[in-house]
Amino acid sequence: GQSLEQPSEVTAVEGAIVQINCTYQTSGFYGLSWYQQHDGGAPTFLSYNALDGLEETGRFSSFLSRSDSYGYLLLQELQMKDSASYFCAPRGSQGNLIFGKGTKLSVKP
Amino acid sequence: KAGVTQTPRYLIKTRGQQVTLSCSPISGHRSVSWYQQTPGQGLQFLFEYFSETQRNKGNFPGRFSGRQFSNSRSEMNVSTLELGDSALYLCASSSGTGVVEAFFGQGTRLTVV
């Protein structure tokens, strides 16, 4: 079977660093993507990890450990505009992205 | 280039009716996936089409169906609508299957009354 776990909500203050964890179980695994979705908006691609390690894109970094079926998204120097839902999405053997309920991040002033 | 276009943006239907939603992918993209988003279940995969063929299907009843045309535009149909079908239906396009980055449309908000 397949499963996906992320915290449902996270709150942080402007300028802080926040880490959103993701554990997954899929039949086959080809990589882990992260998407951001603002209220009322469409999900947009943030990052992708195919191999173990850290990928950095500006203020955002994403990490993957294939042996632990675990990844995280790290957001630094938080800004109010980072308030959104964040989805980790493993790609399973069938090729499609597997999303879950996501993590709602609230950034406070 | 133009993004993914979904029509209509909003729809209200009555229980028992059927509905057809449309998705025009980014020009040149041949893969279209459909997702249902609800507060309780998050984003759930419905199906994926590539070159007019259904490649993958999620765990939804047979009332949910789709198709893809030769120009890569895709439609999904839901028959015998139930109240629980009220959701945001999102379409995502990518240049091929298994491609890392998918581009989502703004979605169709379906309300079943």
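Student: Would you mind going over the interface of chain B and chain A with me for this structure?
Tutor: Listed per partner, the contact involves 19 residues of chain B and 18 residues of chain A. Taking both partners together, chain B and chain A bury about 1,500 Å²; carbon and sulfur atoms supply 54% of that area. Its largest share of buried area at the contact with chain A, chain B owes to Leu43(B), Val100(B) and Phe104(B), together 35% of the area lost on that side. The tally of links from chain B across to chain A stands at 0 salt bridges. Our count for the contact surface shared by chain B and chain A stands at 4 residue pairs in polar contact (both at pLDDT 80 or more). When contributions to the side of chain B that touches chain A are tallied by element, the ones reaching two or more residues are strand E4 (31-38), strand E5 (42-50) and strand E9 (87-94) of chain B. Its residues assigned to classes, the side of chain B that touches chain A comprises 9 nonpolar, 8 polar and 2 charged.

Student: Help me out: how do you make sense of the environment of Gly1(A) in this one?
Tutor: Structurally, Gly1(A) can be placed in the segment before strand E1 (3-5). Apart from residues no more than four positions distant in its own chain, Gly1(A) is found in contact with Gln25(A), Thr26(A) and Ser27(A).

Student: Please explain the state of the cysteines as it appears in this structure.
Tutor: By definition, a disulfide links the sulfur atoms of two cysteines through a covalent bond. Residue and element names in this part refer to chain A. Applying the stated criterion across every chain yields a total of 2 disulfides over all chains. Two residues share a disulfide in this structure: Cys22 and Cys88, whose sulfurs sit 2.1 Å from each other. The sign of the S-S torsion, about 70°, decides the handedness of the disulfide formed by Cys22 and Cys88: right-handed. Taken together, the residues Cys22 in strand E3 (residues 18-25) and Cys88 in strand E9 (residues 84-91) connect sequence positions 66 residues apart. For Cys22, a relative accessible area of 0% puts it in the buried group.

Student: Is there a simple way to explain the side chain of Ser47(A) in this structure?
Tutor: Residues and elements named next belong to chain A. With respect to the helices, strands and loops of the structure, Ser47 is situated in strand E5 (residues 44-49). Accessibility expressed as a relative area gives 8% for Ser47, which makes it buried. Here Ser62 takes part through its side chain, which lies 3.0 Å from a polar atom of the side chain of Ser47. For Ser47, the contacting residues outside a window of four places in its chain are Leu32, Ser33, Trp34, Ser62 and Leu73.

Student: What exactly am I supposed to notice about the pairing of strand E6 (residues 53-57) of chain B here?
Tutor: Two faces belong to every sheet, and in a regular strand the side chains alternate between them. Looking at chain direction, E5(B) and E6(B) are connected through 4 bridges and run antiparallel. Bridge assignment links Glu48(B) to a residue of E6(B), and that residue is Asn56(B).

Student: Is there a simple way to explain the sheet that holds strand E4 (residues 31-37) of chain A in this structure?
Tutor: Whenever strands of a sheet pair, they do so through backbone hydrogen bonds, lying parallel or antiparallel. All names here are of chain A. Here we have 5 strands laid out as an open sheet, ordered E2-E10-E9-E4-E5, and mixed in their pairing. The open sheet is flanked by strand E2 (9-13) and E5, the only strands paired with a single partner. Taken over all neighbouring pairs, the strand axes of this sheet differ in orientation by 25° on average, direction set aside. In terms of strand pairing, E4 meets E5 through 5 bridges, oriented antiparallel. Along E5, the bridge assignment pairs Trp34 with Ser47.

Calculation criteria
Residues numbered from 1 in each chain as written. Chains lettered and ligands numbered in written order. Predicted model: local features only at pLDDT ≥ 70, side-chain atom pairs only at ≥ 80, totals over all residues. Heavy atoms only, no water. Contact = heavy atoms within 4.5 Å. Buried area = accessible area lost by both parts, 1.4 Å probe. Salt bridge = Lys/Arg side-chain N within 4 Å of Asp/Glu carboxyl O. Polar contact = N/O pair within 3.5 Å; in protein donor to acceptor, adjacent residues only side chain to side chain. Helix = DSSP H or I, 4+ residues; strand = E, 2+ residues; numbered from the N terminus. Nonpolar A, V, L, I, M, F, W, Y, C, P; charged D, E, K, R; others polar. Disulfide = S-S within 2.5 Å. Buried < 20%, exposed > 50% of the residue type's maximum accessible area, 1.4 Å probe, protein only. Pairing = 2+ DSSP bridges. Axes fitted to C-alpha atoms, helices over the stretch in contact; angles between N-to-C directions.

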